[in-house]
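# A look at the structure
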Amino acid sequence: MGHCYNTININAPIDKVWETIRNFHDLSWAEGVITSLRIVGAKQGDEIGARRVLNDAFHETLTELDAAQHSFSYSIDDGPGPIAKNSVDNYIGSVKLSQTHNGTFVEWRSSFESTNSKEVAEFCDPIYQALLSALQETLS
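Read on for an overview of the structure. Bear in mind that the values here come from a model prediction, so they are computed numbers and not experimental data. (Residues numbered from 1 in each chain as written. Predicted model: local features only at pLDDT ≥ 70, side-chain atom pairs only at ≥ 80, totals over all residues. Heavy atoms only, no water.)

## Topic: the overall build of the protein chain
Scanning the protein chain from terminus to terminus reveals 2 helices and 7 strands. Reading the helices (α) and strands (β) of the protein chain from amino to carboxyl end gives β-α-β-β-β-β-β-β-α. What you see for the protein chain is a C-alpha radius of gyration of 14 Å, in line with the 14 Å of a compact globule of 140 residues. Along the three orthogonal principal directions, the C-alpha set of the protein chain runs to about 40 × 35 × 30 Å. Every one of the 140 residues in the protein chain was classed for burial, and the buried ones make up 43%. (Helix = DSSP H or I, 4+ residues; strand = E, 2+ residues; numbered from the N terminus. Rg over C-alpha atoms; globule rule 2.2 N^0.38 Å. Buried < 20%, exposed > 50% of the residue type's maximum accessible area, 1.4 Å probe, protein only.)

This is the structure we're talking about:
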């Protein structure tokens, strides 16, 4: 099983960071990284089963949302290159926030099954790093 793991410390209260990222249908904080977001279906951004298409390429579904734990998980159902549905199985991404003494620690991880895990990680890690940097910039 392959995985990605990226983190960042953000100098903002956990509740402010959570309020910024908790809505699966709102990635306005990731301007420049996410160029388009299309909502698929009628579910709201805080409802399990909410679906979206990012940048006309990444098809994702919200699979878990735990406000008390400041975390959510999603599946990537299809995407470009190494994360296309015929190249990867059981792709689950998750974001978890933890309070620190001076802000919030953000973990963005994923796990997946692929015959080329290294290629998937090399494709996804820079995206997660860019998203975390955008989040930090938004909240600075």
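## With respect to the nonpolar core
The biggest cluster of nonpolar side chains holds 37 residues, and the ones touching the most others in it are Y91, V106 and Y128. Element by element, the count of residues in this core is highest for helix 2 (residues 117–139), at 9 residues. Those residues in contact with Y128 that sit more than four places away from it in its chain are C4, N6, Y74, I76, Y91, W108 and S110. (Core = buried A, V, L, I, M, F, W, Y, C linked by side-chain atoms within 4.5 Å. Contact = heavy atoms within 4.5 Å.)

## Quick look at the packing of aromatic side chains
Using the criterion set out here, one finds 5 aromatic pairs in the structure. Taken together, F24, F72 and Y74 form an aromatic cluster joined through their ring pairs. Stacked on the ring of F24, the Lys or Arg R52 has its end atom at 3.6 Å from the ring centre. Geometry around Y74 places R52 over its ring, the cationic atom sitting 6.0 Å from the centre. (Phe/Tyr/Trp six-rings, centres within 6.5 Å; stacked < 30°, edge-to-face > 60°. Lys NZ or Arg CZ within 6 Å of the ring centre and 35° of its normal.)

## As for the sheet that holds strand 7 (residues 103–114)
The 7 strands are arranged 1-7-6-5-4-3-2 in an open sheet whose pairing can be described as antiparallel. One side of each edge strand has no neighbouring strand; the edge strands of this open sheet are strand 1 (2–10) and strand 2 (37–40). The average angle at which neighbouring strand axes cross in this sheet is 25°, direction not considered. Bridge count between strand 6 (residues 88–100) and strand 7: 11 bridges; the pairing is antiparallel. Bridging across to strand 7, V88 finds its partner in S114. Contacts between helix 1 (residues 14–21) and the sheet are confined to strand 1, strand 4 (58–66), strand 5 (71–78), strand 6 and strand 7, with strand 6 contributing the most and set at about 150° to the helix. In the packing of helix 2 onto the sheet, contacts are made with strand 1, strand 4, strand 5, strand 6 and strand 7, and the angle to strand 1 comes to roughly 15°. (Pairing = 2+ DSSP bridges. Axes fitted to C-alpha atoms, helices over the stretch in contact; angles between N-to-C directions.)

## Considering the side chain of S73
By secondary structure assignment, the location of S73 is in strand 5. When residues no more than four places from it in sequence are discounted, the contact partners of S73 are T61, L62, T63, E64, I92, G93 and S94.

## With respect to unusual backbone geometry
Positive phi, normally seen in glycine, also occurs at H70, with a value near 50°. If you check the backbone angles, N90 has positive phi at about 50° while not being a glycine. With respect to the helices and strands, the residue N90 is situated in strand 6.

## Points about the pattern of salt bridges
In total, this model carries 3 salt bridges according to the counting rule given. The partner of R52 in a salt bridge is E60, with the nearest N and O atoms 2.7 Å apart. Across this residue pair, the class does not change: R52 and E60 are buried. As a salt-bridge pair, E107 and R109 come within 2.8 Å of each other at their nearest N and O atoms. (Salt bridge = Lys/Arg side-chain N within 4 Å of Asp/Glu carboxyl O.)

These values are about where atoms sit, not about what they do.
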